[in-house]
Amino acid sequence: MIEQRIASHVQRGEPVRLASVAATTIMQVLLGRATPQRGRAPLFHLRDARVSGALELRNADVEVPLVFENCTFDEPVAIGDSDVKLLEFRTCTMAAFDGRSLRITRDLALTDTRIGWIDLFGARIDGQLWLTGSCVRETRQRAHAINAPSLRVAGGVYANRVEALGSINLWGAEIGTSLELCDATFSSGRFPALRASNLLTRLDVRIASSRIDGGIDLFGARVGGDLWLTGTKVGEREGGYAISAPSIKVAGGCYARGLTVRGGLNLWSAHIGAGLELDGANLAANGRPALRAPKIAVSGDVTVGYGARISGAVDLDSATVGGDVKLTYRVGEEHRLSLLESRLKMLCLEVLRADLVQVSLAGSVITSLVDNQKSWPRLLKLDRMTYETLRPLLPAKERVAWLKRDEGSDSPQPYEQLARQYREAGHDHDARTVLLAKCRDRTRRQRFLPKLWGFLQDVTVGYGYRPVRALAWLAGLTIVVAVCSTVWRPHPVTGSAPPFNSAVYALDVVLPILDLGQKSPTPLSVSGA
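Residues numbered from 1 in each chain as written. Predicted model: local features only at pLDDT ≥ 70, side-chain atom pairs only at ≥ 80, totals over all residues. Heavy atoms only, no water.

A.B. asks: I tried to follow the environment of Leu 229 on my own but got confused; where do I start?
C.D. replies: Here Leu 229 lies in the loop between strand S35 (227-228) and strand S36 (233-235). Between the C-alpha atoms of Leu 229 and Arg 206, which are 23 residues apart in sequence, the distance is 6.5 Å. Leu 229 has contacts with Ile 207, Ile 243, Tyr 255, Ala 256 and Leu 259, leaving out every residue within four places of it along the chain. (Helix = DSSP H or I, 4+ residues; strand = E, 2+ residues; numbered from the N terminus. Contact = heavy atoms within 4.5 Å.)

A.B. asks: I tried to follow the pairing of strand S11 (residues 87-90) on my own but got confused; where do I start?
C.D. replies: One face of the sheet, then the other: side chains in a regular strand alternate in exactly this way. Where strand S7 (residues 66-69) lies against S11, four bridges are found, and the strand directions are parallel. In the sheet register, Phe 68 faces S11, and the bridge partner there is Phe 89. As paired strands, S11 and strand S15 (residues 108-111) are joined by four bridges and run parallel to one another. Opposite Phe 89, over in S15, you have Leu 110 as the bridge partner. (Pairing = 2+ DSSP bridges.)

A.B. asks: It is not clear to me how the environment of Ala 256 should be interpreted in this structure. Could you clarify?
C.D. replies: If you trace the backbone, Ala 256 turns up in the loop between strand S39 (254-255) and strand S40 (260-262). Residue classification places Ala 256 among the buried residues on the basis of a relative accessible area of 1%. It is 8.5 Å that separates the C-alpha atoms of Ala 256 and Gly 280, two residues lying 24 residues apart in sequence. (Buried < 20%, exposed > 50% of the residue type's maximum accessible area, 1.4 Å probe, protein only.)

A.B. asks: Please explain the packing of aromatic side chains as it appears in this structure.
C.D. replies: Think of a pair of aromatic rings as described by two things: how far the centres are apart, and how the planes are tilted against each other in angle. The tally for this structure, following the rule as stated, stands at seven aromatic pairs. Measuring from centroid to centroid gives 5.4 Å for Phe 68 and Phe 73, while their planes differ by 70°, and the two rings are edge-to-face. One exposure class covers both Phe 68 and Phe 73, and it is buried. Grouping aromatic residues by their ring pairs yields a cluster made of Phe 44, Phe 68, Phe 73, Phe 89 and Phe 97. Arg 399 extends its terminal NZ or CZ atom over the ring of Trp 402, reaching a point 4.9 Å from the ring centre. (Phe/Tyr/Trp six-rings, centres within 6.5 Å; stacked < 30°, edge-to-face > 60°. Lys NZ or Arg CZ within 6 Å of the ring centre and 35° of its normal.)

A.B. asks: Quick question: what am I supposed to make of unusual backbone geometry here?
C.D. replies: Trans peptide bonds make up most of the peptide bonds, and negative phi angles are found at most residues other than glycine. The amide bond that connects Leu 352 to the next residue, Arg 353, takes the cis arrangement and shows omega of 0°. With respect to the helices, strands and loops of the structure, Arg 353 is situated in the loop between strand S52 (343-349) and strand S53 (357-360). Residues other than glycine seldom take positive phi values, yet Asp 183 does so here, at roughly 55°. Position of Asp 183 relative to the elements: it lies in the loop between strand S27 (179-180) and strand S28 (185-187).

A.B. asks: Just checking my understanding: could you explain empty space enclosed by the protein for this structure?
C.D. replies: The gaps of empty space that remain are located by a probe, the size of a water molecule, rolled over the atoms. Using the criterion set out here, one finds five cavities of 30 Å³ or more in the structure. Counted as a void, the largest cavity has a volume near 90 Å³. What lines the largest cavity is simply Leu 129, Leu 131, Ile 146, Ala 148, Leu 151, Val 157, Ala 159, Val 162, Ile 168, Leu 170, Leu 179 and Leu 181. Partitioned by chemical class, the residues of the lining of the largest cavity number twelve nonpolar, no polar and no charged. (1 Å grid on protein atoms, 1.4 Å probe; cavity = no way out; pocket = protein on both sides within 12 Å on 5 of 7 lines; lining within 4 Å. Points joined across faces, edges and corners; volume = space filled by probe spheres on them. Nonpolar A, V, L, I, M, F, W, Y, C, P; charged D, E, K, R; others polar.)

A.B. asks: Please explain the layout of surface pockets as it appears in this structure.
C.D. replies: What the largest pocket holds in volume is close to 310 Å³. Lining the largest pocket are 20 residues, with Val 400, Lys 404, Tyr 415, Ala 437 and Asp 441 positioned closest to its centre. Elements supplying a minimum of two residues to the lining of the largest pocket: helix H3 (396-403), helix H4 (413-424) and helix H5 (428-444). A per-element tally of the lining of the largest pocket places H5 first, with six residues.

A.B. asks: What is the right way to read the side chain of Glu 180 from this model?
C.D. replies: Structurally, the position occupied by Glu 180 is in strand S27. With residues up to four places along the chain from it excluded, the contact list for Glu 180 reads Val 157, Tyr 158, Ala 159, Asn 160 and Arg 206.

A.B. asks: Just to check I follow, could you spell out the packing of H3 against H4 for this structure?
C.D. replies: Two measures define how a pair of helices packs: the angle their axes make with one another and the distance between the axes. Taken N-terminus to C-terminus, the directions of H3 and H4 make an angle of 155°; their axes are 11 Å apart at the nearest point. Between H3 and H4, the crossing angle belongs to the class labelled roughly antiparallel. Two packed elements cross with a definite hand, and for H3 against H4 that hand is right-handed. Contact with H3, carried on its side by Ala 396, Arg 399 and Leu 403, involves Pro 414, Tyr 415, Leu 418 and Tyr 422 of H4 and no other residues of that element. Here the contact of H3 with H4 is built from residues that sort into six nonpolar, no polar and one charged. (Axes fitted to C-alpha atoms, helices over the stretch in contact; angles between N-to-C directions. Parallel < 35°, antiparallel > 145°, perpendicular 65-115°, else oblique. Left-handed = near helix turned anticlockwise from the far one by under 90°.)

A.B. asks: Honestly, the nonpolar core in this entry has me stumped. Any pointers?
C.D. replies: Formed by 140 residues in total, the largest nonpolar core has its most connected members in Leu 46, Phe 68, Leu 87, Phe 97 and Leu 327. Per-element accounting of this core gives the leading share, five residues, to helix H2 (residues 23-31). (Core = buried A, V, L, I, M, F, W, Y, C linked by side-chain atoms within 4.5 Å.)

A.B. asks: When you look at helix H1 (residues 2-12) in this model, what are you seeing that I'm missing?
C.D. replies: Side chains three or four residues apart in an α-helix point the same way, a direct result of the helix having 3.6 residues per turn. For H1, the full list of buried residues reads Ile 6, His 9 and Val 10. Relative to the axis of H1, the buried residues are bounded by an arc of 105° and lie together on one face. Looking at the residues trailing H1, positive phi occurs at Gly 13, about 70°. (Arc of directions from axis to C-beta.)

A.B. asks: Got a minute to help me understand a nonpolar patch on the surface in this structure?
C.D. replies: On the surface, a cluster of nonpolar side chains totalling about 470 Å² of accessible area is made up of Phe 448, Leu 449, Leu 452 and Phe 455. Structurally, Leu 452 can be placed in helix H6 (residues 448-461). A residue is classified by how much of its surface remains accessible, and Leu 452, at 39% relative accessible area, is partly exposed. (Patch = residues over 30% accessible without salt bridge, like charges linked within 9 Å, V, L, I, M, F, W, Y side chains within 5 Å. Areas by Shrake-Rupley, 256 points an atom, 1.4 Å probe, with all protein chains shown as cover. Salt bridge = Lys/Arg side-chain N within 4 Å of Asp/Glu carboxyl O.)

A.B. asks: Looking at this structure, how should I read the packing of H1 against H2?
C.D. replies: In contact at an axis separation of 10 Å, H1 and H2 are set at 45° when each is read in the N-to-C sense. In terms of axis orientation, H1 runs oblique to H2. As H1 runs across H2, the sense of the crossing is right-handed. In this structure, H1 uses Ile 2, Glu 3, Ile 6, Ala 7 and Val 10 to contact H2, whose residues at the interface are Thr 25, Gln 28 and Val 29. Partitioning the contact of H1 with H2 into residue classes produces five nonpolar, two polar and one charged.

A.B. asks: Mind showing me how you'd approach H2 here?
C.D. replies: For H2, the full list of buried residues reads Ala 23, Thr 25, Ile 26, Met 27, Val 29 and Leu 30. Of the surrounding secondary structure, the elements contacted by the buried residues of H2 are H1, strand S2 (20-22), strand S3 (44-47), strand S4 (50-52), strand S5 (55-56) and S7.

A.B. asks: Looking at this model, I keep getting lost on the pairing of S7. Mind explaining?
C.D. replies: Note that S3 and S7 share four bridges and pair parallel. Bridge pairing in S7 places Leu 46 opposite Phe 68.

A.B. asks: Would you mind going over the pattern of salt bridges with me for this structure?
C.D. replies: Once the charged atoms of two side chains with opposite charge are near each other, the side chains can pair. For the structure on display, the rule yields 21 salt bridges. Note that Arg 137 and Glu 163 form a salt bridge whose closest N and O atoms lie 2.4 Å from each other. Taken together, the residues span a long stretch of sequence, with Arg 137 in strand S20 (residues 135-137) and Glu 163 in strand S24 (residues 163-165) at a distance of 26 residues. Given a relative accessible area of 34%, Arg 137 falls into the partly exposed group. The shortest N-O distance in the salt bridge between Arg 399 and Asp 371 comes to 2.9 Å. Taken as a pair, Arg 399 in helix H3 and Asp 371 in strand S54 (residues 365-371) lie far apart in primary sequence, 28 residues in all. Judged by its relative accessible area of 0%, Arg 399 falls in the buried class. Through salt bridges with shared partners, a single ionic network connects Arg 47, Glu 69, Glu 88 and Arg 90.

Shown next as structure tokens:
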């Protein structure tokens with residue numbers, strides 16, 4: 001009787017309300033051939049029912065769209081290896097959903113549903129996958145709460161506001177448009193809360209305003225649009241980075257304003273087609289870099305500022321950035337920033353507190369370097385770094401103090417690079433000041449005798465960069481000779497000597513290239529000699 005009633009509603013495409021129904025009854029209706037009424041499309045739409053027994057439709061070919069609304073299933077629902085047109089569960093409760101190798105012509109929806117676990121290993125969905133508002137609580141300690149490796153979805157995957165106690169496995173999944181996990185909550189202890197290694201999406205990946213305890217794995221993922229992590233909080237996972245995305249390729253930008261990460265962000269060898277934004281982010285890690293991104297390639301800008309805080313090192317070695325790099329974040333403990341061998345268009349370096357910061361720029365090639373005296377790091381590594389412009393172009397003495405923060409280097413290259421900068425700007429005196437500082441720094445590192453010789457050169461002529469000092473020494477010697485010749489007046493050798501003048505006589509003695517007629521007839525001899 002119930003079977004006939006359900007079949008009648010299916011033929012008319014109308015929903016049927018039942019207090020309870022056996023799963024076997026549903027299977028008999030669905031596996032039968034429903035003949036639609038004229039002008040009506042068949043539809044199985046069950047509402048407000050309690051389904052007793054296990055609903056199993058394995059290896060079945062279900063031609064009727066299936067909609068379950070506000071239903072409770074006593075046993076797991078198993079529809080693996082089946083062909084289904086449409087499958088929707090709205091505001092339902094079930095122990096589990098087994099859809100391994102399921103093939104769906106249109107959409108699969110499990111929205112606002114409470115469920116133990118979901119298995120979509122190898123499923124094929126020609127429409128969209130909807131998990132919006134669902135709660136998946138794995139209580140049997142399975143590997144994953146939502147297990148969907150090798151999933152293929154022609155449209156998008158929408159899991160906004162989903163709550164998952166257990167990990168979500170999207171390893172190797174292919175998504176035709178976007179993946180959305182906004183305002184979601186995931187937690188996992190054994191595996192990354194979101195495992196999406198080798199994920200492929202044609203458009204965006206949005207993981208915004210979510211809370212994820214257990215980390216995110218995006219190793220080797222390929223994102224055809226933008227990657228959004230705005231406002232998301234990610235907790236650390238044992239043995240790895242909280243967000244691990246080495247070798248990820250993002251066609252658009254990576255936008256993570258206000259991102260909070262406990263356990264570090266790993267972007268090793270990532271490729272980002274637009275910009276990387278970490279403004280207002282809070283990154284922390286113990287025993288590993290808070291931001292690990294060596295060999296990263298970014299076509300646009302990289303910004304880490306506007307209230308961003310980092311606890312742990314930042315590794316950007318061998319980075320290549322086509323736009324501006326603005327590092328204006330704050331630190332609260334000893335901090336190391338490494339940009340070894342990087343290629344940057346513009347670097348704005350204003351990390352605070354500067355007294356806690358060590359920066360390595362050795363071997364980097366920077367088109368434009370911008371900094372601020374208040375944010376000069378405590379220690380600098382500048383060997384082999386080259387830049388075309390340096391701003392602000394401070395007086396040379398102040399910039400020399402900047403160079404001297406590279407305490408362990410004995411290379412003259414940083415001085416030569418800075419002097420070239422002043423020379424190209426037309427500040428020749430500042431350039432000579434820098435080169436003088438280079439010679440003094442070299443002398444300071446030498447042994448006693450070379451150091452003594454260098455000291456004499458510095459005092460006399462400033463290593464050749466202060467030639468005016470030689471005139472001062474000549475003037476001083478001339479005055480000494482003039483005073484001595486005045487006190488101890490020499491006697492003329494011949495009677496035809498010109499009138500004696502101590503000043504002219506001193507010049508004649510001190511400057512041998514001159515002959516003022518005083519030295520020859522008047523030898524340097526004192527009175528009474």
